[in-house]
Amino acid sequence: MSTVPTLNGQVVGQAHYATRALLERAVAPLGVSFGQVLALNVLAAGPVEHAQLVRRITSTLKVDEPAVHEVIAGLADADLAHLDEASVRLTATGRAMQARIADAVAGITARLYGDIPTDEASAAARVLTLITQRANAELAAT
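Residues numbered from 1 in each chain as written. Predicted model: local features only at pLDDT ≥ 70, side-chain atom pairs only at ≥ 80, totals over all residues. Heavy atoms only, no water.

### Examining the nonpolar core
Piece 1. In terms of nonpolar packing, the biggest core is built from 26 residues, with Val32, Leu40, Leu53 and Ile101 touching the most fellow members.
Piece 2. Here this core gets seven residues from one element, more than from any other, and that element is helix α2 (residues 34-43).
Piece 3. In this structure Ile101 touches Val27, Leu30, Val32, Val37, Leu40 and Asn41, once residues within four positions along its chain are discounted. (Core = buried A, V, L, I, M, F, W, Y, C linked by side-chain atoms within 4.5 Å. Buried < 20%, exposed > 50% of the residue type's maximum accessible area, 1.4 Å probe, protein only. Helix = DSSP H or I, 4+ residues; strand = E, 2+ residues; numbered from the N terminus. Contact = heavy atoms within 4.5 Å.)

Below you can see the structure in the form of C-alpha cells.
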C-alpha cells in the first residue's frame, strides 16, 4: 500500500539535498564547491557586475556576503574567473570548467527528470516556484 506524500518543506528539502549531493559528488573531482558551481553558471552568460553576482549568490544560497566573496575569490585564485574593478568574468579555464559542470548537470537531470511526464514536471515547477517566491517574500519582510 503506497501513500502519496504531503507537499511540505521536508519533501522539498529531501529532493533538494539528494539532488545537491549528486551534483557535489559529480563535481568533487573538479575541485569546485557548490557555491562556485552556482557562480560559474551565472558567469557562463557573460561578465557580471561584482555586486550583482554577490546579490545573486547570496539570494540563491541564503548566505551572507563574506561567504560569497570567498566563493568569488576562490574562483579567481583557481584561475576560473577574472575580477576587475567592477565585474567578474570567466577565464578560458573557467569556461572549460563550466562546460564540464553543465555536462554533469545534464546527466543528472536526464536521469532524475527524464521520464517524468511534461505536465507533471510543469505543475511541480509552478508549485515550487510559488513556494520559493513566498518564502523569499517572508525573508525580505523580516
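### What to know about unusual backbone geometry
Negative phi values dominate among residues other than glycine, just as trans dominates among peptide bonds.
Piece 1. Residue Lys62 is not a glycine yet carries a positive backbone phi of 60°.
Piece 2. With respect to the element layout, Lys62 can be found in the loop between α3 (50-61) and α4 (65-77).
Piece 3. Relative accessible area serves as the criterion here: at 47%, Lys62 is assigned to the partly exposed category.
Piece 4. The backbone of Asp79 shows a phi angle near 60°, a positive value even though the residue is not glycine.
Piece 5. In this fold, Asp79 is placed in the loop between α4 and β2 (81-83).
Piece 6. A residue is classified by how much of its surface remains accessible, and Asp79, at 41% relative accessible area, is partly exposed.

### Here's the deal with the packing of aromatic side chains
Piece 1. One pass over the full model with this rule turns up zero aromatic pairs.
Piece 2. If you follow Arg20 out to its NZ or CZ, it ends over the ring of Phe34, 3.9 Å from the centre. (Phe/Tyr/Trp six-rings, centres within 6.5 Å; stacked < 30°, edge-to-face > 60°. Lys NZ or Arg CZ within 6 Å of the ring centre and 35° of its normal.)

### Thoughts on the pattern of salt bridges
Piece 1. Under the definition given, this model contains two salt bridges.
Piece 2. Residue Glu24 pairs with Arg20 through a salt bridge whose shortest N-O separation is 2.9 Å. Here Arg20 and Glu24 lie together in helix α1 (residues 9-27), a separation of four residues that amounts to about one turn.
Piece 3. According to the relative accessible area criterion, Glu24 is partly exposed, its value standing at 34%.
Piece 4. In this structure Arg20 comes out as partly exposed when scored by relative accessible area, which is 25%.
Piece 5. The shortest N-O distance in the salt bridge between Arg55 and Glu49 comes to 3.9 Å.
Piece 6. The partly exposed category is assigned to Arg55, whose relative accessible area is 49%. (Salt bridge = Lys/Arg side-chain N within 4 Å of Asp/Glu carboxyl O.)

### Section: a nonpolar patch on the surface
Piece 1. Residues Leu7, Val11, Val127, Leu128 and Ile131 make up a contiguous nonpolar surface patch of about 360 Å² in total accessible area.
Piece 2. When residues in the nonpolar patch are grouped by element, the largest group, three residues, is from helix α6 (residues 118-141).
Piece 3. In this fold, Leu7 is placed in the segment before α1. (Patch = residues over 30% accessible without salt bridge, like charges linked within 9 Å, V, L, I, M, F, W, Y side chains within 5 Å. Areas by Shrake-Rupley, 256 points an atom, 1.4 Å probe, with all protein chains shown as cover.)

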